[in-house]
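Residue-level listing of the chains:
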Amino acid sequence: MDTTVKTQDPEIPDTRSGAEDGPAPQGLQPFLHDACVTLYAPSFAISHADGQIDGPADGFYHGDSRALSRLTVAVDGTEPAPVRGTLEGADRAAFRSVLRGLGESTADPAVTLRRRRRVTPGNLEETFEANNAGGRYVRFRLVVTAGTDLAPMERVKSGHVLPPVPAGTVEDGFVWSGGAFSVRLTSRTRPAAVDPAAGRLEYEVELAPGATWTAVLHCEAAHEDGDQFPAPAEGTLPWRTPALRSADRGFDHWLSRSAADLDRLRLTDPQRPADQFLAAGAPWFLTLFGRDSLWAARMLLPLGTGLAAGTLRTLARRQGTKSDPATEEQPGKILHEVRRATQDFDQGFSLPPCYYGTVDATPLWVTLLHDAWRWGLAPEQVEQLLPHAESALAWMRDHGDADGDGFLKYVDHTGRGLANQGWKDSGDSIRYGDGRIATAPIALCEVQAYAYEAARGGADLLRAFGRPGADAWEEWAQRLRERFRARFWVEDERGPYPAVALDGEGRPVDSATSGFGHLLGTGLLDHEESALLAARLGAPDLDSGHGLRTLSSDSVAYNPYGYHIGSIWPHDTAIAVHGLVRAGFPATAASLSAGLLTASDAFDARLPELFAGHGAATDVLPSPYPASCRPQAWAAASSVLVLQSVLGLSADVPGGTLTVAPAFAEAYRPLRVEGLEVAGGRLDIRVDADGTAHVDAPGGLEVRRGHPSPR
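Okay, so let's go over this structure. In this convention, every chain numbers its residues from 1, walking through the sequence in written order. With the structure being a predicted model, the display of local features is reserved for residues of pLDDT at least 70 and the display and counting of side-chain atom pairs for 80 or more, all residues being used for whole-chain, interface and lining totals. The side-chain figures draw on all heavy atoms in the structure; neither hydrogens nor water molecules are used.

## What to know about the overall build of the protein chain
The helix and strand tally for the protein chain stands at 13 helices and 34 strands. Note on method: radius of gyration uses C-alpha positions; expected globular size equals 2.2 Å times residues raised to 0.38. Computed over C-alpha atoms, the radius of gyration of the protein chain comes to 26 Å, within 12% of the 27 Å expected from 2.2 N^0.38 for 711 residues, which places it in the range of a compact globule. Between buried and exposed lies partly exposed: a residue is buried under 20% and exposed over 50% of the maximum accessible area for its type, with that area taken using a 1.4 Å probe on protein chains only. Within the protein chain, buried positions represent 60% of all 711 residues. Should any heavy atoms of two residues lie within 4.5 Å, those residues are considered in contact. Sequence separation of 24 or more characterises 66% of the internal contacts of the protein chain that already satisfy a separation of 6 or more. About 24700 Å² of surface is accessible on the protein chain, with carbon and sulfur atoms providing 48% of the total. Placing the 67 positive and 92 negative side-chain charges of the protein chain at their respective mean positions leaves the two points 4 Å apart. Only DSSP runs of H or I with at least four residues qualify as helices, and only runs of E with at least two residues qualify as strands; both kinds are numbered from the N terminus onward. For the area figures, the Shrake-Rupley method with a 1.4 Å probe applies, and any residue is considered shielded solely by the protein chains shown. Lys and Arg are tallied as positive, Asp and Glu as negative. Neither His nor the chain termini are counted. By convention, charge coordinates are those of NZ in Lys, CZ in Arg, CG in Asp, or CD in Glu.

What follows is the structure, encoded as structure tokens:
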């Protein structure tokens, strides 16, 4: 998901770049690849790896506003020499440095500074701890400098440098305010001097040998009208936290780190605080997104249905009820994103606070409801949401297929919104094989698969709950399947494959992309068609060795740093892994899964939103995409979807069955995972070294061992 300049003019492709050090030039998105991000939604902090907060995107943020843009420490006018910085949890970090030249009698460091950070909703706590391990008495002046521009998130993301806001003073600290947003920074350790004009808190520190000195700073940020989406109460995690012990410790670490990040990405619906969902990611997208929140909840279904239920209800309350060209709302449509205020970017690009410019969130909503029902969502909760499902299905027929050709498609009618409205939503993402940018209205291949799944899943729900329309939606799905086969398939020297899209004139946009993976296992394709795509996904032009490239490296438009034209997105690869297993191609799934795990190791188990699409043959480790979100909900949730795929796990609670068919577990066994959930009860699975699976499932479910086939 991208909110930089969008265009449908093929002569003006979307561009992204930024400066790594110093203030970002106007209009260049800041880089984040070496940043330390600590979060507890709706708040987070970004700093350099040494803990200093003073870069283009650095700061403490709350609710899409920057509360602090600077928080640095110096000793006698010199910055500490960094030694190590590390995350101690999703919401905590620690940084060690040496105060060189102080108290040293040998070449060994004597005085060190430990900086600890903790983020909670609306609060940042920074603890500075100086320790004298030398044999000499030392005295020094420690200065903390703070400041803020109170910038809205879209200004930061666009690379704009805003002037600092003057500070007011309170006892032992400062206050800043702008409109309805206020920030207060105070020191719990009394400083020797407070200089509001310079934003300086000065401390005179005296340390005897072996002594320690500590100062604690607390920053509080708040919007006058409260949080748009508040953090959940403690102890209300809507899923079980699994424990994995496998032969691949990197897999175990990835799952554990992902679970911690997902915990801190949770937000609640203020209209019903019991309903939780996942914010898309930090820093750019820490809010409700339709497709991202839906995909993440779907990936986490093996941990319970609570998150899915909260996500479905939160989006259902905001489901479209009218036609509004300004926001792209339509009856039955599921939204794209919600912000506190209008986002105004450069070159006339602007998104309203509640924006509906997405073609895929609506079918994905229906499919999540169907899948949650299959995993054991209580029938009464499912039934309450069926009117929303019927409205969503009607949107696919009446609005998603606006010209009546039978395909879901999109076009930005406002001239200020997203030119592309699938998950690859950057302005240059949908390309012909010769590199030209496709013109709208555009019908994406994967969206037709989502629509097919939604129609079939919707029919199952309507029939199971005695509501009319099931036969009609099954017929609609079958017609879509036939039309897709007739219109989307193209051929090159390697054989047939589906085009990435149909353009505004109904012509195939003939690029080979990672979108193949989203078609597999949905039922849209037959076995022979699936085999063709499995072979394509396993070839080196798409399989980089670290995951799937979004665009084939053989393409004229391929760019390993292109947001959607060559980069690698972990969720995209995980969807392909799951689709390959469902379609019966575990060997290719195993290769992609192994590549994703090598990437996870390279990013210390916190996979970013995306990374560069260089191959394993050219880079020992994958290269970062410099402006990527990290953590990102669906990147973290991908660890659970890969685990589900390794186990060949699928559920049909209404039918009384659970399927466990370890399809490519050889690299990870012996394997034991405890704390999954199905039908509201605990599920534990062990796979021995010889491949024998042992399943401890809730009573009333028949455990089947076989291939989890598609619809």
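## Quick word on the packing of aromatic side chains
When the centres of two rings from Phe, Tyr and Trp lie within 6.5 Å, Trp using its six-membered ring, the rings pair. Their planes under 30 degrees apart give stacked, over 60 give edge-to-face, and anything left gives tilted. With the rule as written, the count across this model stands at 20 aromatic pairs. Judged by centre distance (6.2 Å) and plane angle (35°), the ring pair of phenylalanine 251 and tryptophan 254 falls under tilted. Here phenylalanine 251 pairs with tryptophan 254, and both are found in helix 2 (residues 249–264), just 3 residues apart, close to one helical turn. What makes phenylalanine 251 buried here is its relative accessible area of 0%. A centroid spacing of 5.6 Å and a plane angle of 55° characterise the contact between tyrosine 563 and tyrosine 625, whose relative ring orientation is tilted. Taken together, the positions of tyrosine 563 in the loop between helix 10 (527–537) and helix 11 (570–583) and tyrosine 625 in the loop between helix 12 (586–602) and helix 13 (633–647) put the pair 62 residues apart, joining distant regions of the chain.

## With respect to the pattern of salt bridges
The working definition used for a salt bridge is a side-chain nitrogen of Lys or Arg within 4 Å of a carboxyl oxygen of Asp or Glu. Here the structure, examined in full by the defined rule, presents 54 salt bridges. Ionic pairing is found between arginine 291 and aspartate 360, a salt bridge with its closest N-O pair at 2.9 Å. Placement of arginine 291 in helix 3 (residues 290–299) and of aspartate 360 in the loop between strand 23 (354–355) and helix 5 (361–375) is noted, with a sequence separation of 69 residues between them. A salt bridge links aspartate 403 to lysine 409; its shortest N-O distance comes to 2.9 Å. Through salt bridges with shared partners, a single ionic network connects Asp269, Arg272, Asp275, Arg313, Arg317 and Arg318.

As far as function goes, none of this settles anything; it's purely spatial.
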